[in-house]
Amino acid sequence: MNFSSAIPSSDKLRFLIKSMSKPEKRHFKLFAQFYQGNKESNAIALFDAINSLETYNEEKLAQVLPLPKLLNNLATHRYQLQGLLLRSLGTYHLEKSAPRTIRQQLEGALIYRQKGIYAAASKLLRSAQKRAQSLKDLNLELQIIQEQRPLALKWDAWGSIADLDALFHREKEILEALQIRIELQQLMDKVTLFSQRKLRKSTEEQADLMQQVTQHERLQDPPPEDFFAALAYHELWGKILLVKGEYASAMDHSHCIMELWNESKTLKEAHPIIFARHLTHLLNLQIMLQDDKGSLASIQMMEQVKTTTREAELQKIKLFSYLQLIFYLNTGQLDSVSEIIPEIDRLVDIYQSELHVNQILAFQFNICIFFFITGDFSNALDRCNFILNMESLGRREDIRDFLNAFQLILHFELENFDLLEYLNRSTHRYFKHKPGAHDYEVSILKFVKESLHIEESSQQELLELFQKELQPLSESQERRKPLGIFELLFWIESRLRKIPIRSVFEEKLNSRTPP
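Enquirer: So what exactly am I meant to see when it comes to the overall build of the chain here?
Expert: Along its length, the chain carries 26 helices and zero strands. By the burial criterion, 44% of the 515 residues in the chain qualify as buried. Long-range contacts, defined here as pairs at least 24 residues apart, represent 63% of the contacts in the chain between residues at least 6 apart. Counting only carbon and sulfur atoms, one obtains 50% of the accessible surface of the chain, whose full area is about 28400 Å².

Enquirer: What exactly am I supposed to notice about unusual backbone geometry here?
Expert: Glycine aside, residues mostly have negative phi angles, and peptide bonds mostly take the trans form. Phi at Gln290 takes a positive value of approximately 55 degrees, unusual for a residue other than glycine. Within the secondary structure, Gln290 sits in the loop between α15 (272–288) and α16 (292–303). Residue classification places Gln290 among the partly exposed positions, given a relative accessible area of 30%. Even without being glycine, Lys498 reaches a positive phi, approximately 60 degrees. Inspection of the secondary structure puts Lys498 in the loop between α25 (485–497) and α26 (501–510).

Enquirer: Even after reading the chapter, I still don't get helix α3 (residues 42–51), so can you show me in this structure?
Expert: Residue pairs spaced three or four apart in an α-helix point in one direction, given the helix's 3.6 residues per turn. Of all 10 residues that make up α3, seven are buried, and the element is covered over most of its length. The complete set of buried residues in α3 reads Ala43, Ile44, Ala45, Leu46, Phe47, Ala49 and Ile50.

Enquirer: What is the right way to look at the packing of aromatic side chains in this model?
Expert: Inspection of every chain in the model, using the stated rule, returns 20 aromatic pairs. Between Phe372 and Phe406 the ring centres are 4.8 Å apart and the planes differ by 75 degrees, which places this aromatic pair in the edge-to-face class. Of this pair, Phe372 sits in helix α19 (residues 357–373) while Phe406 sits in helix α21 (residues 397–413), placing them 34 residues apart in sequence. Of the residues examined, Phe372 reaches a relative accessible area of 0% and is grouped as buried. Using a relative accessible area of 1% as the deciding quantity, one classes Phe406 as buried.

Enquirer: Hey, could you run me through the packing of helix α24 (residues 459–475) against α25 in this one?
Expert: The N-to-C vectors of α24 and α25 enclose an angle of 155 degrees; their axes lie 10 Å apart at closest approach. Classed by the angle they form, the pair α24 and α25 counts as roughly antiparallel. α24 and α25 meet at a crossing whose hand is left-handed. Where α24 approaches α25, its residues Gln460, Leu463, Glu464, Phe466, Gln467, Leu470, Gln471, Leu473 and Ser474 are matched on the opposing element by Ile485, Phe486, Leu488, Leu489, Trp491, Ile492, Arg495 and Leu496. Grouping the amino acids of the contact of α24 with α25 by side-chain chemistry returns 11 nonpolar, four polar and two charged.

Enquirer: What am I meant to see in the nonpolar core here?
Expert: Proteins that are soluble and globular tend to have nonpolar side chains buried together. The biggest cluster of nonpolar side chains holds 108 residues, and the ones touching the most others in it are Leu219, Trp261, Phe372, Leu403, Leu470 and Trp491. Among residues more than four places away in sequence, those in contact with Leu403 are Phe365, Cys384, Ile387 and Leu388. Counting residues in each nonpolar core, the second largest holds 24 residues, with Phe31, Ala32, Leu65 and Leu70 among its members.

Enquirer: Teacher, can you tell me more about the side chain of His234 here?
Expert: Structurally, the position occupied by His234 is in helix α12 (residues 227–244). Residue His234 is classed as buried on the basis of its relative accessible area of 9%. A distance of 3.1 Å separates polar atoms of two side chains, one belonging to His234 and the other to His253. In this structure His234 touches Pro223, His253, Cys256, Ile257 and Leu260, once residues within four positions along its chain are discounted.

Enquirer: Explanation requested: the packing of helix α1 (residues 12–19) against α3 in the structure shown.
Expert: The description of two packed helices rests on the angle between their axes and on the distance between the axes. Relative orientation of the contacting elements α1 and α3 amounts to 90 degrees, with a least axis distance of 9 Å. Judged by the inter-axis angle, α1 sits roughly perpendicular to α3. Of the residues in α3, those touching α1 at Leu13, Arg14, Ile17 and Lys18 are Phe47, Ile50 and Asn51. Tallied by class, the residues present in the contact of α1 with α3 amount to four nonpolar, one polar and two charged.

Enquirer: Is there a simple way to explain the pattern of salt bridges in this structure?
Expert: Once the charged atoms of two side chains with opposite charge are near each other, the side chains can pair. As enumerated under the stated definition, the model contains 17 salt bridges in all. For Arg383, the salt bridge goes to Asp345, with nearest N and O atoms at 2.9 Å. With a gap of 38 residues between them, Arg383 in helix α20 (residues 377–388) and Asp345 in helix α18 (residues 334–351) connect regions that are remote in the sequence. Pair check on accessibility: Arg383 and Asp345 agree, each one buried. Between Arg400 and Glu397 there is a salt bridge; the shortest N-O distance is 3.2 Å. Of this pair, Arg400 and Glu397 both sit in helix α21, separated by three residues, roughly a single helical turn. What emerges from the salt-bridge pattern is a single network uniting Glu493, Arg497, Glu507 and Lys508.

The rules we used
- Residues numbered from 1 in each chain as written.
- Predicted model: local features only at pLDDT ≥ 70, side-chain atom pairs only at ≥ 80, totals over all residues.
- Heavy atoms only, no water.
- Helix = DSSP H or I, 4+ residues; strand = E, 2+ residues; numbered from the N terminus.
- Buried < 20%, exposed > 50% of the residue type's maximum accessible area, 1.4 Å probe, protein only.
- Contact = heavy atoms within 4.5 Å.
- Areas by Shrake-Rupley, 256 points an atom, 1.4 Å probe, with all protein chains shown as cover.
- Phe/Tyr/Trp six-rings, centres within 6.5 Å; stacked < 30°, edge-to-face > 60°.
- Axes fitted to C-alpha atoms, helices over the stretch in contact; angles between N-to-C directions.
- Parallel < 35°, antiparallel > 145°, perpendicular 65-115°, else oblique.
- Left-handed = near helix turned anticlockwise from the far one by under 90°.
- Nonpolar A, V, L, I, M, F, W, Y, C, P; charged D, E, K, R; others polar.
- Core = buried A, V, L, I, M, F, W, Y, C linked by side-chain atoms within 4.5 Å.
- Polar contact = N/O pair within 3.5 Å; in protein donor to acceptor, adjacent residues only side chain to side chain.
- Salt bridge = Lys/Arg side-chain N within 4 Å of Asp/Glu carboxyl O.

Printed below as a string of structure tokens:
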């Protein structure tokens, strides 16, 4: 089931064209003319025709298409146009990237050197080195210095002994900085493995590992001067403190990372994926610590990050969009949730083959809960059915268990009473043959079954009994609270008081004790 209602499958090409900027469209037309080599370009004609449509419709397309012959094999021409568009966008953004510009200078310098024009080669390499330094790209700068070595022997292309010494001194600095980066990354990998519990070791061995990391000499020193090494230093400390449960201290290191980024707009624009990852780490901590003001500031900052590449946009949906959804839900900004759902659906639809099942599941489940809270039971049921029809839920079979019972509440609200009798019996069989304790889910089935066979005047008493049965589960400190328990209690209270669930949700939210 596709929830990107604004982007049906047949409309994806039009949506891609509409999403392009004016410079991207101009570049495409030049690219298509060069690629196809004819003035009457089929691709450009189809591009302009689709671009003029508000929604994709083949009858309307036939009216605006200047080349009717394209209609004879439209599917093939659309496929070819899509491929040409993606290649055009790829070359456009590759040419615009700073590293690409530097590599072009490197290639130019190599040609000059082969032709014996050493002064021109040296000039290009010096310019490339300055660009690499501005981007803090040590690997690229090291490559440039290594290209400068042969030229250092050509005195007409170089300068003085002092210039040569400066070059070799810089090479030494780069190697030392790269060594620090490597050591910090190795430590980061160990902490990541530890936090993900991929190391099947005893508690003592795990404690020894963390002690080895925290006592490493690199972490005893102040932050390195190198920009990316300093980022890695604070990120590593933040992850260590997060594993230890010291969230406030971990957030201090995230703020240090943001201060480093804010000192350089150039670096922020050149490395949007790395910046977005660090900002997402900060947002995650802000949400955990209920720092609503800080969370909102981070969301606004993230919205300004330009995702001009497929990789950057994919990272955005993986790292940021879910936290944005959770923040708006946790703070009761339900109108904001409603606004971002179409964009989430669009991104999930485009990148679903590259997203882990748990990521798709997390989006769909929380959107289902949102629709339930807002009283949109039909859309909630659509999301619920989508999840139940997924082939695998990974490690989240608890979500399938809850939704198998929860769907009965949704059908109850939608007054699908004829279907409820069958669903109740089949869901009972599902839990009967499923190992483990399912008292919580079975209590939902019991309530729905009894509700179908009593007068409306007796509903109040049944709801009160159901509320009394669920309340202890929401207050238990000894075990993990069941999935959806609070939302069910909001629903029961809303029916008892005859007010919308949203009103109950907002009342409970407003009475939340600040951290």
